[in-house]
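Structural description and commentary
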Amino acid sequence: METVLVTGGRGASGRWVVDRLAGDYEVVVVDYERPGPDADPAPHVSFRAADLADRGEALDTVHAVDPDAVVHWAAIPVAGTHPDGRVFETNVGAAKNVLDAAGRADARIVQASSDGAYGFFFADPTPFPDELPITEEHPLRPEDPYGLSKVTAEAAAGAVARRDDVPAVSIRPSWIQFPGEYACRSDGYVDDLDAGAGNFWSYVDARDGADLVAAALAGTAGSDPAVPSGTHEAVNCVAADNALGRPLLDLLRESYGEIPDDCAVDGSALAEGDDRGAYAIEKAKRLFGWKPSRSWRKAAAADVPEPTLFER
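The rules we used
- Residues numbered from 1 in each chain as written.
- Predicted model: local features only at pLDDT ≥ 70, side-chain atom pairs only at ≥ 80, totals over all residues.
- Heavy atoms only, no water.
- Disulfide = S-S within 2.5 Å.
- Buried < 20%, exposed > 50% of the residue type's maximum accessible area, 1.4 Å probe, protein only.
- Pairing = 2+ DSSP bridges.
- Helix = DSSP H or I, 4+ residues; strand = E, 2+ residues; numbered from the N terminus.
- Axes fitted to C-alpha atoms, helices over the stretch in contact; angles between N-to-C directions.
- Contact = heavy atoms within 4.5 Å.
- Left-handed = near helix turned anticlockwise from the far one by under 90°.
- Nonpolar A, V, L, I, M, F, W, Y, C, P; charged D, E, K, R; others polar.
- Expected span 1.5 Å × (residues − 1).
- Polar contact = N/O pair within 3.5 Å; in protein donor to acceptor, adjacent residues only side chain to side chain.
- Parallel < 35°, antiparallel > 145°, perpendicular 65-115°, else oblique.
- Arc of directions from axis to C-beta.
- Salt bridge = Lys/Arg side-chain N within 4 Å of Asp/Glu carboxyl O.

So, the state of the cysteines
Scanning the entire structure with this criterion turns up 0 disulfides. A disulfide-free cysteine, Cys184 has its sulfur positioned 14 Å from the sulfur of Cys237, the nearest such atom. Among the residues examined, Cys184 registers a relative accessible area of 0% and is labelled buried. A relative accessible area of 0% means that Cys237 is categorised as buried.

So, the sheet that holds strand 10 (residues 232-237)
Across the sheet, 7 strands lie side by side as 3-2-1-4-5-7-10; this open sheet has parallel pairing. Strands at the two margins of the open sheet, each flanked by one partner only, are strand 3 (45-49) and strand 10. Across the sheet, the mean angle from the axis of one strand to that of its neighbour is 20 degrees, orientation sign disregarded. Inspection of the sheet shows strand 1 (residues 3-7) paired to strand 4 (residues 69-72) by 4 bridges, in the parallel sense. Bridge pairing in strand 4 places Val6 opposite Val71. Relative to the sheet, helix 2 (residues 55-65) contacts strand 1, strand 2 (26-31) and strand 3, its axis offset from that of strand 1 by approximately 155 degrees. This element, helix 3 (residues 84-104), spans strand 1, strand 4 and strand 5 (108-112) of the sheet and lies at about 170 degrees to strand 4.

Examining the packing of helix 2 against helix 3
Interaxial distance between helix 2 and helix 3 falls to 9 Å at its minimum, and their mutual angle equals 30 degrees. Note on packing geometry: the crossing formed by helix 2 with helix 3 is right-handed. For the pair helix 2 and helix 3, the contacting residues are Arg55, Ala58, Leu59 and Val62 in the first and Lys96, Asn97, Asp100, Ala101, Ala102 and Arg104 in the second. Looking at the contact of helix 2 with helix 3, its residues break down into 5 nonpolar, 1 polar and 4 charged.

Here we look at helix 4 (residues 145-164)
Here helix 4 spans 28 Å end to end across 20 residues, near enough to the 28 Å set by a 1.5 Å rise per residue. Its buried side turned inward, helix 4 meets helix 3, strand 5, strand 7 (168-173) and strand 10. Capping the start of helix 4 is the job of one residue whose side-chain oxygen sits 3.1 Å from the backbone nitrogen of Tyr146: Asp144. At the exit of helix 4 stands Asp165, carrying a positive phi of roughly 55 degrees.

Examining the packing of helix 1 (residues 14-21) against helix 6 (residues 206-218)
The N-to-C vectors of helix 1 and helix 6 enclose an angle of 50 degrees; their axes lie 8 Å apart at closest approach. As the angle between them shows, helix 1 and helix 6 are arranged oblique. At the point where helix 1 passes helix 6, the crossing takes the right-handed sense. Within the contact between the two elements, helix 1 uses Trp16, Val17, Arg20 and Leu21 and helix 6 uses Ala206, Arg207, Ala210, Asp211, Val213, Ala214 and Leu217. By residue class, the composition of the contact of helix 1 with helix 6 is 8 nonpolar, no polar and 3 charged.

Digging into helix 7 (residues 248-256)
Residues of helix 7 that are buried include every one of Leu248, Leu249, Leu251 and Leu252, and no others. Seen from one end, helix 7 has its buried residues packed into an arc of 160 degrees, which puts them on one side.

Quick look at the pattern of salt bridges
This structure, assessed with the given rule, holds 19 salt bridges. Note that Asp208 and Arg294 form a salt bridge whose closest N and O atoms lie 2.9 Å from each other. One end of the pair, Asp208, is in helix 6; the other, Arg294, is in the loop between helix 8 (282-288) and helix 9 (296-299), with 86 residues separating them in the sequence. For Arg294, a relative accessible area of 23% puts it in the partly exposed group. Of the charged contacts in the structure, one is a salt bridge between Arg297 and Asp275, with a shortest N-O distance of 2.8 Å. On the criterion of sequence distance, the pair formed by Arg297 in helix 9 and Asp275 in the loop between strand 11 (264-265) and helix 8 is long-range, its members being 22 residues apart. Classification of Arg297 as partly exposed rests on a relative accessible area of 47%. Residues joined by salt bridges that share partners form a network here, namely Arg20, Asp24, Asp208, Asp211 and Arg294.

Structural data, given as structure tokens:
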């Protein structure tokens, strides 16, 4: 069984990734703190502590584990919660350290990027996209430290892939939601069109995100991988519908006043009355056979136990 090192695996979304991978792989979770000595890890899960922003600790940890693949999921997850410099320096430093270590270990790489890399959500005013649906080829124009850190991490992944001849995938989730706790269906969000306008009312279920991680790991392995060694690919990770369940074009017109002439709207893909999301997800399907299977319509009220990563 292969070993996968997962950073940030005890975080809100990271634990869903670990839960999805454990059993298919031996999963080593690396986070800033290790569970106490009385904790009994779930089968195929173990823990290590390291400050990944410390280059020596990151390199030593990955070298000691010697994984077949590295899933880098650790980060300060949003702008505005910490000083700008700390967000950028922590996220970029940890990514650079972990990815360099993965390359030296000849490990396949999957990392968490974000739709924040496009630069829509934290900009004021929100820039309208150059195209709809928004593909992975759309220019990345972040103004905030979080989005900029993700663009930099993606560039680092590409550099490591080329230099060390390993495959690398950067996953760009939109706002991650958790079954039974869909913040995008709260009254304050649903009743205020502006609340979700910054990312065009997009979201993704944590389980769909974890499924894409698993698919990307599989798609970088074998004799004929979807992402060959030496290459880096970025893929959107977004639900098929929008969080309001309304026609996307209607939402855009109501929020922004119009569909700009320079926005390449594909009438067949964004038909009137279609409540799909604004981000294209065809690339992940083409490369990895992934498509989101959860919608807020059922998942928002779903009773699904949260992964604990420990024996119950």
